[in-house]
Amino acid sequence: MRRGIEFLGSDHAILCGAMSWVSERNLVSAISNAGGFGVIACGAMTPELLDAEIAATRALTAKPFGVNLITMHPLLTDLIAVCAMHRVSHVVLAGGIPPRGSVEAIKAYGGKALVFAPTLALAKRLLRGGADALVIEGSEAGGHIGPVATSVLAQEFLPELADDHVVFVAGGIGRGDMIAAYLEMGASGVQLGTRFAAARESIAHPAFKQAFFRANARDAVASVQVDPRLPVIPVRALKNKGTEEFTAKQREVAALLDSGALDMEAAQLEVEKYWAGALRRAVIDGDVENGSLMAGQSVGMVSDEEPVAAIIAQLMHESEHALRR
């Protein structure tokens, strides 16, 4: 884990996955203050909102934290400029292949760029192109997911990349024993989201957290793609009426695509706006029937509302115990 610690500047190489409406100033600062590495989820924020969120987070912690930017955001360049203005040390580019010039813009002001890659060939290309670190995330994760399990990705990527690059593993991690296993395979650290979403410092609605406490791994299901032409990235969430409504939303967007009212890029943005709104209904308003309860399959290991510091301490204790054993 030392390489990950040196890269992040934190006490432990435990990243918080960026969760829209959840990974905001309170949770992010709590994770960084507890020795982990908090990451603001920019999501659909405007540059002005991101500016305010970074400033508010910095008022709550003197420790390093990062910002997660969605690559398809129409104002990505402006958002990177906001990160540059605040000298944000680490920027995570998620949701697709980073557009040309985005990694360079982060590095130009002295920031470090973290990227996701679904295949080993793309990972190598991004690292050759200047990315500073890689996050490999398996299908067990919550929110937007790829098709391959974390354990398979780790076996494929780590032997090829871990000796020379900083690689974080994400997806389905709920205990320190699993952190230890990936460290032994060569990972520099890990990323968790679901455990932190229900933490005491998370602003998520009590009903949202209670849904997590009641759930088991089988309840966290991936969304179904209705139209093969529609570029929909599957989303893992707890099944409810909202997951059914997404199927109807896809049909609606596909019809607009057929009529020419939307092009492909606009169609995908419509889908992303749907998720942002559905997630807000669940996280902020507490509508756990119709909102989106994005959660990873590790949700079955979340049974209580614990302080962030206690979660991180437990993960580190379990990891150290597993490595000694």
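Structural data are supplied above this passage.
Definitions and limits used
Starting from 1, residues in each chain are numbered consecutively following that chain's sequence as written. Per-residue local features are limited, in this predicted model, to residues with pLDDT of at least 70; the limit for side-chain atom pairs, both in listing and counting, is 80 or more; totals at the level of whole chains, interfaces and linings are taken over all residues. Based on all heavy atoms of the structure, the side-chain values leave hydrogens and waters out of the count. Angles shown run from 0 to 180 degrees and are taken between the N-to-C directions of axes, each axis being a line fitted to C-alpha atoms and, for helices, limited to the stretch in contact. Elements are defined by DSSP. Helices are runs of H or I of four residues or more, strands are runs of E of two residues or more, and each kind is numbered from the N terminus. Should an angle lie under 35 degrees it is considered roughly parallel, over 145 roughly antiparallel, and from 65 to 115 roughly perpendicular; all remaining angles are considered oblique. Helix crossings get a hand from a simple test, with the near helix turned counterclockwise from the far one by less than a right angle marking a left-handed crossing and a clockwise turn marking a right-handed one. Between two residues, a contact is recorded if the distance between any of their heavy atoms is within 4.5 Å. The classification used treats Ala, Val, Leu, Ile, Met, Phe, Trp, Tyr, Cys and Pro as nonpolar, Asp, Glu, Lys and Arg as charged, and all other residues, Gly among them, as polar. The buried label goes to any residue with under 20% of its type's maximum accessible area, the exposed label to any with over 50%, and the partly exposed label to all in between, with areas taken from a 1.4 Å probe on protein chains only. Pairing between two strands requires that DSSP report at least two bridges joining them. Any pair of Phe, Tyr and Trp rings, taking the six-membered ring for Trp, is counted once the centres come within 6.5 Å. Such a pair is stacked with planes under 30 degrees apart, edge-to-face with planes over 60 apart, and tilted for the rest. A positively charged side chain is recorded as over a ring if its NZ (Lys) or CZ (Arg) lies within 6 Å of the ring centre. The angle to the ring normal must also be within 35 degrees.

Trainee: Which residues make up the packing of helix H11 (residues 241-259) against helix H12 (residues 264-283), and what are the values?
Mentor: Running from N to C, H11 and H12 point in directions that differ by 155°, and their axes come no closer than 10 Å. Judged by the angle between their axes, H11 and H12 are roughly antiparallel. Every pair of crossing elements has a handedness; the one defined by H11 and H12 is right-handed. In this structure, H11 contributes Gly242, Glu245, Phe246, Lys249, Val253 and Leu257 to the contact, and H12 contributes Met264, Ala267, Glu270, Val271, Tyr274, Trp275 and Arg281. Along the lines of polarity and charge, the residues of the contact of H11 with H12 split into eight nonpolar, one polar and four charged.

Trainee: Would you mind going over the pairing of strand E9 (residues 189-192) in detail, with residue names and values included?
Mentor: Alternating positions in E9 separate into two faces, Gly189 and Gln191 on one and Val190 and Leu192 on the other, with burial throughout. Two elements, strand E1 (residues 14-16) and E9, share three bridges in a ladder whose sense is parallel. The residue bridging Leu15 from the neighbouring strand is Gln191, located in E9. Pairing geometry for strand E8 (residues 166-170) and E9, over three bridges, is parallel.

Trainee: Account for helix H10 (residues 206-214), with residues named and values stated.
Mentor: All buried positions along H10 are accounted for by Phe208, Lys209, Ala211, Phe212 and Phe213. Its buried side turned inward, H10 meets helix H9 (194-197), strand E11 (235-238), H12 and strand E12 (293-294).

Trainee: Go over the sheet that holds strand E6 (residues 133-137), please, and point to the residues and values.
Mentor: Judged by pairing direction, the sheet is parallel, and its eight strands sit side by side in the order E1-E9-E8-E6-E5-E4-E3-E2 without closing on themselves. Where the open sheet ends on each side, the last strands, each with one partner, are E1 and strand E2 (39-41). Between one strand and the next, the sheet's axes are offset by a mean angle of 25°, whatever the strand orientation. Pairing geometry for E2 and strand E3 (residues 66-70), over three bridges, is parallel. Its bridge partner being in E3, Val39 is matched across the sheet by Gly66. Packed onto the sheet, helix H4 (residues 76-85) meets E3 and strand E4 (90-94) and runs at close to 175° relative to E3. Sheet strands in contact with helix H7 (residues 150-161) are E6 and E8, and its direction is about 155° off that of E6.

Trainee: Tell me about helix H2 (residues 25-33), and name the residues and values.
Mentor: Of all the residues in H2, the buried ones are Leu27, Val28, Ser29, Ala30, Ile31 and Ser32. Looking at the packing, one finds that the buried side of H2 touches E1, E2, helix H3 (47-60), H9 and helix H13 (308-324).

Trainee: Report on the packing of H2 against H3, specifying residues and quantitative values.
Mentor: In the contact formed by H2 and H3, the axes pass within 9 Å of each other and the chain directions differ by 40°. Between H2 and H3, the angle falls in the class oblique. Handedness of the crossing formed by H2 with H3: right-handed. Judged by residue contacts, Arg25, Asn26, Val28, Ser29 and Asn33 of H2 engage Glu53, Ala56, Thr57 and Leu60 from H3.

Trainee: Describe the packing of aromatic side chains, and please don't skip the residues or the numbers.
Mentor: One pass over the structure, following the stated rule, counts five aromatic pairs. An angle of 40° between the planes, with centres 4.4 Å apart, marks the rings of Phe246 and Trp275 as tilted. Here Phe246, found in helix H11, pairs with Trp275, found in helix H12; they are 29 residues apart in sequence, far enough to count as distant. A single burial state applies to Phe246 and to Trp275, both of which are buried. What links up through ring pairs into an aromatic cluster is the set Phe246, Tyr274 and Trp275. Sitting over the ring of Trp21, Arg280 keeps its end group 5.2 Å from the ring centre.

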